[in-house]
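# Breakdown of the fold
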Amino acid sequence: MNRSEYKNVFVFAEQREGEIQGVAFELLGKARDLAKDLQEEVYAILLGGQDVEAKAQSLIAYGADKVIVASCPFLQDYTTEAYAQAITQIVTDYKPSIILLGATVIGRDLGPRLSARLTTGLTADCTRLEISEEKELLMTRPAFGGNLMATIVCSDHRPQMSTVRPGVMKSMDKDQTREGIIEKIKINFDESKFKVKIIETVKEQTSMVDITEAKVLLCGGRGIGTDQGFGNLQELAALMNAEVAASRAIVDAGLIGHERQVGQTGKTVRPDLYIGFGISGAIQHMAGMEESEFIVAINKDRYAPIMQMADLGIVGDVRQIIPALTQRLKSMKK
Amino acid sequence: MKIVVCIKQVPDTTEVKLDPVTGTLIREGVPSIMNPDDKGGLELALELKDKYNAEVTVITMGPMQAEQVLREAFAMGADKAILLTDRKFAGADTLATSNALAGAIRTLEYDLVITGRQAIDGDTAQVGPQIAEHLDLPQVSYLQNLKYDGKKTFTIKRATEDGYQVVEVDSPCLVTVLATANQARYMTVKGIVGAFDKPVEVMGADKIEVDESKLGLKGSPTKVKKAFTKGVKSAGQVYEVDTEEAVGIIISKLKEKFII
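None of the values given here were measured: they were computed from a predicted structure. (Residues numbered from 1 in each chain as written. Chains lettered and ligands numbered in written order. Predicted model: local features only at pLDDT ≥ 70, side-chain atom pairs only at ≥ 80, totals over all residues. Heavy atoms only, no water.)

### Considering the packing of helix H3 (residues 80-94) of chain A against helix H4 (residues 105-118) of chain A
Residues and elements named next belong to chain A. Remark: H3 packs on H4, axes separated minimally by 10 Å, with the N-to-C direction vectors making an angle of 50°. Taken together, H3 and H4 sit at an angle that is classed as oblique. Seen along the crossing, H3 lies across H4 with a hand that is right-handed. Along its contact with H3, which presents Thr-80, Glu-81, Tyr-83, Ala-84, Gln-85, Ile-87, Thr-88 and Val-91, the element H4 presents Asp-109, Leu-110, Arg-113, Leu-114, Arg-117 and Leu-118. (Axes fitted to C-alpha atoms, helices over the stretch in contact; angles between N-to-C directions. Helix = DSSP H or I, 4+ residues; strand = E, 2+ residues; numbered from the N terminus. Parallel < 35°, antiparallel > 145°, perpendicular 65-115°, else oblique. Left-handed = near helix turned anticlockwise from the far one by under 90°. Contact = heavy atoms within 4.5 Å.)

In structure tokens, the structure reads:
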């Protein structure tokens, strides 16, 4: 492989039902930094149905220099094989140096399939991406749990591929005046490989909350204890216009849905204020909230790991503090 | 029907703690378990065995001690077990791991290959889809529920961020399963007793159908350039006070931040 043939930073611009996902804009923001260091360009790959081209301009406004658009009924709804074929063709034709994908359900289904097809490396859930002096992509991710970080390189294979979770990178401000090129291409599909048939796609109401958007997040952990304890936390959150989230233990106990789980197997959040109630700070959890602007931890254990990360630590029993705090807020509202 | 289930032995990360002083991991004494998503995958296979008399082969890659998870799988009801172990597999990233597992699966007959969605020690969710690509199988990831028509077709419910999707696929195919897809059965006493009499087939790099250059460190496109601890962020102020005073401190902080 001649590495020097591979140039430019590509972003897979994931769309669902024609809507470009926020993570695509975040990745474009990061791609701009990388392309600047490489003195190369940012390309967005936009795959979708008939009307998808209409969305291409927004990708330019968020940082793409060029948008490669393939619109075709096979690409309207994501399927592994059609998308893998499309991107494989694009990689063959355009020879990107880097491809970034969101670590979404789609990105995590597509990324590894592509890496195996293209025989190249894929680094999952990167929290930092930068260019080395040797012009290599340095991909940093939490290793084994989160406290240990590993910087990973893919020296001998191209493209260098990474997935990044939604909320980890920052998108640039939308700039409607930015100019770019939209390039329509045609994919030559091998339809005989299309073996998975979508019967239906269903959105569920319960999953509509997005804790990654919350400004104030009250997060309950094992120390909350019971149903009752969690109910109290929800009451408190309502008083503060905050959203409720939870650690894995609480989600596993069935007290709340997985869509509100913070941590390595849940969501990465960075609210203005995070308050951990009875959260000890397992490394997997902290990997998902350490970028929060201000962290308050309330825990019985003075030496719980979260106390070392908190901007404000309160040593105490959340089962007493939550009702007392609720009471106080209520009386203040009167 | 023949089913191959890939399982991994992982440290029980819920038991891993941080040293409060140095901020580093305390790994000593952390027990090993069968990766939860893989256990969900094995349970799915065993349910198909119960209903359709499927033959279930479990396969793991790791050091000799990984045999433990294979014995556990026997005790749950697996029929055959393969341990992939060889120094040539060492240092493998996800792609090299998937090459080794796919190389072993090629030596077997299968209608369905099952992996967990991801392992709790890496959370990459890559090896399943990579195996599918090597074996040229269609893949369905994030499986929550599977129905089989008894002949050839699977109807699969898979989780998405904001709901679910139902898809249809014929065998042979590969699925990646969520731990929450089912309630994994316990080992039975009879199973545990029998588990130690069943043979575990040990396979090295010479027994599998894959080019050796694709294995281990040599076959890994990604390399760890450096590993480092994040460093403990300097702790803020910690108060050990009674409930009333604690509430007061929190309230004043909320006011300072214009939240109330």
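### Considering the interface of chain B and chain A
With 77 residues of chain B in contact, the opposing surface of chain A contributes 81 residues. Between chain B and chain A lies a buried interface of about 7300 Å² when both sides are counted; carbon and sulfur atoms form 58% of it. Its salt-bridge partner being Glu-161 of chain B, residue Arg-16 of chain A comes within 3.4 Å of it at the nearest N-O pair. At the boundary of chain B with chain A, the tally comes to 32 residue pairs in polar contact (both at pLDDT 80 or more). Elements that contribute at least two residues to the side of chain B that touches chain A include exactly helix H4 (127-134), strand E9 (139-148), strand E10 (153-160), strand E11 (163-170), strand E14 (223-229), strand E15 (237-240) and helix H6 (243-256) of chain B. Sorting elements by how many residues they give to the side of chain B that touches chain A places H6 of chain B first, with 11 residues. Looking at chain direction, strand E10 (residues 148-153) of chain A and E14 of chain B are connected through six bridges and run antiparallel. Bridged to Thr-151 of chain A within E14 of chain B is Lys-226 of chain B. (Buried area = accessible area lost by both parts, 1.4 Å probe. Salt bridge = Lys/Arg side-chain N within 4 Å of Asp/Glu carboxyl O. Polar contact = N/O pair within 3.5 Å; in protein donor to acceptor, adjacent residues only side chain to side chain. Pairing = 2+ DSSP bridges.)

### Concerning the domain arrangement of chain A
All names here are of chain A. Per the domain assignment, the segments of chain A are domain 1 (3-193) and domain 2 (206-333). For domain 1 and domain 2, the distance between their C-alpha centres works out to 33 Å. Opposite the 11 residues of domain 1 that make contact, domain 2 presents 10 residues. Of the roughly 770 Å² buried between domain 1 and domain 2, counting both surfaces, carbon and sulfur atoms make up 39%. One can count zero salt bridges joining domain 1 with domain 2. At the junction of domain 1 and domain 2, the tally comes to five residue pairs in polar contact (both at pLDDT 80 or more). Among the residues making up the side of domain 1 that touches domain 2, the classes are represented as five nonpolar, four polar and two charged. (Domains from an automatic or database assignment. Nonpolar A, V, L, I, M, F, W, Y, C, P; charged D, E, K, R; others polar.)

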